[in-house]
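# Observations on the model geometry
Listed below, chain by chain, are the residues.
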Amino acid sequence: MTLSKALVGSSSLPTRAAMVLGGTAFLAAASQVSVPMFPVPMTLQTLAVLTLGLTFGMRMGMLTVIAWLAEGFAGLPVLANGGATASFFGPTAGFLMGFVAMVAVAGFAADRGAKSILSMSLAGLIATAVLYIPGLAYPALVLGKSMPELLSGWAQPFLMGDLVKAVLAALIVSGGWKMLAER
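This section reports on the structure supplied with the text. (Residues numbered from 1 in each chain as written. Predicted model: local features only at pLDDT ≥ 70, side-chain atom pairs only at ≥ 80, totals over all residues. Heavy atoms only, no water.)

### Looking at the packing of aromatic side chains
Summed over all chains, the structure comprises 4 aromatic pairs. Linked through ring pairs, Phe-73, Phe-88 and Phe-89 together constitute an aromatic cluster. Note that Lys-115 overlies the ring of Trp-177, its terminal NZ or CZ placed 4.2 Å from the centroid. (Phe/Tyr/Trp six-rings, centres within 6.5 Å; stacked < 30°, edge-to-face > 60°. Lys NZ or Arg CZ within 6 Å of the ring centre and 35° of its normal.)

See the structure below:
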């Protein structure tokens, strides 16, 4: 059972739709918290995606991230720094697509019962590693970037922050479980 199922209980269509809309709003807000870096900004998107996956599970998490991406592709300024459609054709496009895989991995762990800080942190780290595959493959294939350039400029500056965000997502969701247990 995921935290969202434990909290909400209902799996009706209106409840699920409200959860997806709330999740996309949470993700859009996290996307606006940004530290300018080159070639991509450091945002709280990964923290939000991990938290959604660990809270909603794989299916609802993926649906939420896909809905958020659809909002951005439709022109709504929900992506990093108010980005929208153009972001799907820039250097961050691989990371945007990778968020679907990231939430799937975190959600899979939640669906399989990951509730401890350690198990959720580990799931978050694996999900983050999965994010880097399309995130780095896109600029390698489309922009012709070399692997050393990608690792030093596109990955290494973000690794410590991603580690912290994986642990923070685990702490947030485990805190939710603890609050629920105390009810």
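Further notes follow.
### Quick notes on empty space enclosed by the protein
Applying the stated criterion across every chain, the model contains 1 cavity of 30 Å³ or more. Taken together, Met-1, Thr-2, Leu-3, Leu-54, Ala-110, Gly-113, Ala-114, Lys-115 and Trp-177 form the lining of the largest cavity. Split by residue class, the lining of the largest cavity holds 6 nonpolar, 2 polar and 1 charged. (1 Å grid on protein atoms, 1.4 Å probe; cavity = no way out; pocket = protein on both sides within 12 Å on 5 of 7 lines; lining within 4 Å. Points joined across faces, edges and corners; volume = space filled by probe spheres on them. Nonpolar A, V, L, I, M, F, W, Y, C, P; charged D, E, K, R; others polar.)

### So, the environment of Gly-61
Structurally, the position occupied by Gly-61 is in helix α4 (residues 58–73). The buried category is assigned to Gly-61, whose relative accessible area is 0%. Linking Gly-61 and Val-35, residues 26 residues apart in sequence, is a C-alpha distance of 25 Å. (Helix = DSSP H or I, 4+ residues; strand = E, 2+ residues; numbered from the N terminus. Buried < 20%, exposed > 50% of the residue type's maximum accessible area, 1.4 Å probe, protein only.)

### Some words on a nonpolar patch on the surface
There is a patch of nonpolar side chains on the surface, built from Ile-117, Leu-125, Met-160, Leu-163, Val-164, Val-167, Leu-168, Leu-171 and Ile-172 and spanning about 720 Å² of accessible area. Where the nonpolar patch is concerned, the elements lending two or more residues are α6 (117–142) and α7 (147–181). With 7 residues, α7 is the largest single contributor of residues to the nonpolar patch. As for its position among the elements, Leu-168 is in helix α7. (Patch = residues over 30% accessible without salt bridge, like charges linked within 9 Å, V, L, I, M, F, W, Y side chains within 5 Å. Areas by Shrake-Rupley, 256 points an atom, 1.4 Å probe, with all protein chains shown as cover. Salt bridge = Lys/Arg side-chain N within 4 Å of Asp/Glu carboxyl O.)

### Considering helix α3 (residues 45–56)
Residues three or four positions apart in an α-helix share a direction because the helix packs 3.6 residues into each turn. Compared with the 16 Å implied by 1.5 Å per residue over 12 residues, the 16 Å span of α3 between its first and last C-alpha is a close match. The buried fraction of α3 is high, at 12 of 12 residues. Burial in α3 covers these residues: Gln-45, Thr-46, Leu-47, Ala-48, Val-49, Leu-50, Thr-51, Leu-52, Gly-53, Leu-54, Thr-55 and Phe-56. (Expected span 1.5 Å × (residues − 1).)

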